Number of protein chains: 2
Amino acid sequence: MLIRAFVPAHITAFFVPVFHDDPLKAGSLGAGINLDKGTNVFVSVETGTLERHIHIAFNGEPVNREEAVISYSVAERLVPSDFLGEVEIWQYFDFPNGHGFGNSAGGALGTALALSYAFGGTWLRASQIAHEAEVTHRGGLGDVIAQLAGGIEVRVKAGGPGIGVTDNLFFEDYRVLVVPLGKLSTKEVLDGDVVKAIEAEGRKALEELLKEPTPERLMVLARAFAERTGLLTGELLELAKELDRVLKNPSSMIMLGKGLFALVLEKELENAKALLADLKVSYDVAEIHEGKPKVGRWVG
Amino acid sequence: MLIRAFVPAHITAFFVPVFHDDPLKAGSLGAGINLDKGTNVFVSVETGTLERHIHIAFNGEPVNREEAVISYSVAERLVPSDFLGEVEIWQYFDFPNGHGFGNSAGGALGTALALSYAFGGTWLRASQIAHEAEVTHRGGLGDVIAQLAGGIEVRVKAGGPGIGVTDNLFFEDYRVLVVPLGKLSTKEVLDGDVVKAIEAEGRKALEELLKEPTPERLMVLARAFAERTGLLTGELLELAKELDRVLKNPSSMIMLGKGLFALVLEKELENAKALLADLKVSYDVAEIHEGKPKVGRWVG
């Protein structure tokens, strides 16, 4: 049996981390955008061997337990302990790891959905297991519930699936331009002094967004958050300003990666592409993924 | 500007009503199925008149405020009080009203989403307004949150959007056969003695379903609920038994309408259709609608 799950890449625009001893009550407030590119997880289940084996591969390369602690912990909970057979979990990422596209949560949630589809379970239970693994092993706080919400999402009450509450903005005609330039460690940022600024600016941005809940306002608030927290500086800020010259809405910083994102209208796309080509900066363009992740039997 | 919203028809399989003075905390526990047919709401907004006018039509026929109290109350909250212009809300239903397809909630939610799209707002706020109108005017308790969940949904914590919690079952290959035979008043059933049996049997069914959360188990539990509450009797029960002879999973009763529904595999469909044609009973076949309702600008 071969199962495929797709989980959208999720870019955080601004956020407030909310820590809690109970992983299901930990999470984040904030807002972000789900893309139609992201993580595809293929799970193959074969019975008839003498032992229970679980294998995980990232982009075709087998990874050991230390390299994929989150996904292995999800798999250990969802493959029954008395199952005899081979479970292979192939995760493919459209964006590079560590660049702020929610790959870790995408792999965890895709694995949880595909294994629950194969072995039994529900969407909520699968999602909670993925969220718990993310929080416990510090992959992230809000990506799983954001990816479940789809579209342009707003986390209005922190927590995992079944506890946190998400909202969605209405939008039209936008594509998402992404400029991933490098890695940024979520762990290091959240361990640093910047957390206080993130909390204060994140709460302010959320409050303001809910007063005027539009994608245009979201980008203004995201940019103010990125600059005021001191996360968006130097070359990256200069590049954001360059992009602003050809776009109606401000670009902002991917939270948390060394990269930028922007909402782009069809008519603005050529100018933005030309600018980035001139600057010799690589980029990608994605549609917004609405609705839930996908999971089902894979034939093909 | 013309906006279209689609909200799936929702069939309740079993339920527990949960009453509360705060409409957002009222709701239901239970499970049900969302169909790819349902309610389409078209909203046209024209400015430039001297007064604020709201008009609603069901299936092309204008309805007055008494006939559409739920949708009018939604519209009154979402069309700004200082708006000068004509708002026309055209609701089209794929299934007859009062037969248990969630038309009332579909109209309320579709209206709320389309008006929020046109005048500003968010998915959560629109959904809460639709739920509140449904509860306050006794259209239903759980349809709005169930329609937002899509697929085969399970209401595991009662309440409106943002408070209630829904789960989803994994499924494959099923279509939904529906046999709508007549109306049943939700108000009358919920005012009668049967409520105690509904509460006891509904809680039992939910508990059992969560132990083995599959579509097949759902149908067994739905049928037990329908018979044990005394709601499925007489001719309707006889027809259910006829259907069972040609289907793998038991059919059950639409809650609340005088009608039946069943999950049908592709290979069973011809036999089921032939049986119903023989019996001269009209029926419909729908796919399961996964994910959220749809809303967007309508062109064409």
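Quick caveat, the model's predicted, so the values are computed rather than measured. (Residues numbered from 1 in each chain as written. Chains lettered and ligands numbered in written order. Predicted model: local features only at pLDDT ≥ 70, side-chain atom pairs only at ≥ 80, totals over all residues. Heavy atoms only, no water.)

1. Focus: the overall build of chain A
Each helix and strand in chain A was counted, giving nine helices and 12 strands. A compact globule built from 300 residues would reach a C-alpha radius of gyration of about 19 Å, and chain A, at 19 Å, matches this within 12%. Burial analysis of chain A (300 residues in total) assigns 59% to the buried set. Across chain A, the fraction of contacts at a sequence separation of at least 24, relative to all contacts at a separation of at least 6, is 76%. Accessible area of chain A: about 12,200 Å², with a carbon and sulfur share of 50%. Within chain A, one finds 30 positive and 41 negative side-chain charges whose respective centroids are separated by 3 Å. (Helix = DSSP H or I, 4+ residues; strand = E, 2+ residues; numbered from the N terminus. Rg over C-alpha atoms; globule rule 2.2 N^0.38 Å. Buried < 20%, exposed > 50% of the residue type's maximum accessible area, 1.4 Å probe, protein only. Contact = heavy atoms within 4.5 Å. Areas by Shrake-Rupley, 256 points an atom, 1.4 Å probe, with all protein chains shown as cover. Lys, Arg positive; Asp, Glu negative; His and termini not counted. Charge placed at Lys NZ, Arg CZ, Asp CG, Glu CD.)

2. Overview of the sheet that holds strand β10 (residues 258–265) of chain A
Residue and element names in this part refer to chain A. One open sheet accounts for four strands, arranged β9-β10-β8-β11; its pairing is antiparallel. One side of each edge strand has no neighbouring strand; the edge strands of this open sheet are β9 (252–253) and β11 (284–286). Relative to β10, strand β8 (residues 174–182) is paired through eight bridges, and the arrangement is antiparallel. Each bridged residue has a counterpart across the sheet, and for V176 the counterpart in β10 is L263. The strands that helix α8 (residues 234–244) touches are β8, β9 and β10; relative to β10, the one it contacts most, it runs at about 10°. (Pairing = 2+ DSSP bridges. Axes fitted to C-alpha atoms, helices over the stretch in contact; angles between N-to-C directions.)

3. Considering unusual backbone geometry
Residue and element names in this part refer to chain A. Residue M255 is joined to L256 through a cis peptide bond whose omega torsion reads 5°. Mapped onto the elements, L256 comes out in the loop between β9 and β10. Phi is positive for K280, close to 55°, though the residue is something other than glycine. Tracing the chain through its elements places K280 in the loop between α9 (266–278) and β11. Take K280: its relative accessible area is 75%, and that puts it in the exposed class.

4. A few points about the environment of B:L35
Residue and element names in this part refer to chain B. Note that L35 resides in strand β2 (residues 27–47). Among the residues examined, L35 registers a relative accessible area of 0% and is labelled buried. A C-alpha to C-alpha distance of 23 Å links L35 and V74, two positions 39 residues apart in sequence. With residues up to four places along the chain from it excluded, the contact list for L35 reads F6, P8, A9, I11, F95, F101, V176, V178, A286, E287 and H289.

5. So, the interface of chain A and chain B
In this assembly, 24 residues from chain A lie in contact with 24 residues from chain B. Here A:E172 and B:R297 are joined by a salt bridge, their closest N and O atoms 2.8 Å apart. For the interface between chain A and chain B, the tally reads 14 residue pairs in polar contact (both at pLDDT 80 or more). Those elements that place two or more of their residues in the side of chain A that touches chain B are α2 (103–119), α3 (123–136), β7 (165–168) and β12 (294–297) of chain A. Counting residues per element, the side of chain A that touches chain B draws most heavily on β7(A), at four residues. Among the residues forming the side of chain A that touches chain B, the class breakdown is 12 nonpolar, seven polar and five charged. (Salt bridge = Lys/Arg side-chain N within 4 Å of Asp/Glu carboxyl O. Polar contact = N/O pair within 3.5 Å; in protein donor to acceptor, adjacent residues only side chain to side chain. Nonpolar A, V, L, I, M, F, W, Y, C, P; charged D, E, K, R; others polar.)

6. Section: the pattern of salt bridges
Scanning the model with the defined rule gives 32 salt bridges over all chains in all. In this structure, A:E201 and A:K204 form a salt bridge, with 3.5 Å as the shortest nitrogen-oxygen distance. In this pair, A:E201 and A:K204 are both assigned in helix α6 (residues 194–211), three residues apart and thus about one turn of the helix distant. Here A:E201 falls in the buried class, since its relative accessible area comes to 14%. The partner of B:E76 in a salt bridge is B:R52, and the shortest N-O contact between them spans 2.9 Å. Residue B:E76 is found in helix α1 (residues 69–78), and its partner B:R52 is found in strand β3 (residues 52–58); the two are separated by 24 residues along the sequence. With a relative accessible area of 23%, B:R52 lands in the partly exposed category.

7. A closer look at the packing of aromatic side chains
Tallying each qualifying case throughout the model produces 18 aromatic pairs over all chains. Ring geometry for A:F42 versus A:W298: centroids 5.3 Å apart, planes at 80°, classification edge-to-face. One end of the pair, A:F42, is in strand β2 (residues 27–47); the other, A:W298, is in the segment after β12, with 256 residues separating them in the sequence. Residue classification places A:W298 among the partly exposed residues on the basis of a relative accessible area of 32%. Pairing B:F42 with B:Y92 gives two aromatic rings, centres 6.1 Å apart and planes at 75°, and the pair type is edge-to-face. Placement of the pair is B:F42 in strand β2 and B:Y92 in strand β5 (residues 85–93), with a sequence separation of 50 residues. We classify B:Y92 as partly exposed; its relative accessible area is 34%. Connected via pairs of aromatic rings, a cluster forms that spans A:F14, A:F15 and A:F225. (Phe/Tyr/Trp six-rings, centres within 6.5 Å; stacked < 30°, edge-to-face > 60°.)

8. Side note on helix α1 (residues 69–78) of chain A
Inspection of α1(A) places A:I70, A:S71, A:Y72, A:V74, A:A75 and A:L78 among the buried residues, and these make up the whole buried set. Where the residues of α1(A) are buried, they touch β3 (52–58), β4 (61–63), β5 (85–93), α2 and α3 of chain A.

9. Notes on the UniProt feature "domain: GHMP kinase N-terminal" (unreviewed entry) in chain A
In this numbering, the UniProt entry assigns the feature "domain: GHMP kinase N-terminal" (unreviewed entry) to residues 85–151 of chain A. Annotated as residues 85–151 of chain A, this span is 57% helix and 13% strand, and its ends, taken at the C-alpha atoms, are 37 Å apart. (UniProt positions renumbered as here; feature names shortened; annotations may be inferred.)

10. Notes on α2(A)
Residue and element names in this part refer to chain A. Its 17 residues place the ends of α2 24 Å apart at the C-alpha level, agreeing with the 24 Å of an ideal helix rising 1.5 Å per residue. Of all 17 residues in α2, 15 are buried, a share of seventy percent or more. Positive backbone phi, at 105°, marks G120, one or two positions downstream of α2. (Expected span 1.5 Å × (residues − 1).)

11. Some thoughts on the relation of the copies chain A and chain B
Structural alignment of chain A on chain B gives an RMSD of 0.0 Å, achieved by rotating through 180° and translating 0.0 Å along the axis. Seen this way, the second copy is the image of the first under a two-fold rotation axis. Minimal C-alpha distance to the rotation axis in chain A is attained by A:G291, lying at 2.8 Å. Looking at the interface residues of chain A, 100% of them are also at the interface in chain B, so both copies use one shared face. (Least-squares fit on C-alpha atoms with pLDDT ≥ 70 in both.)

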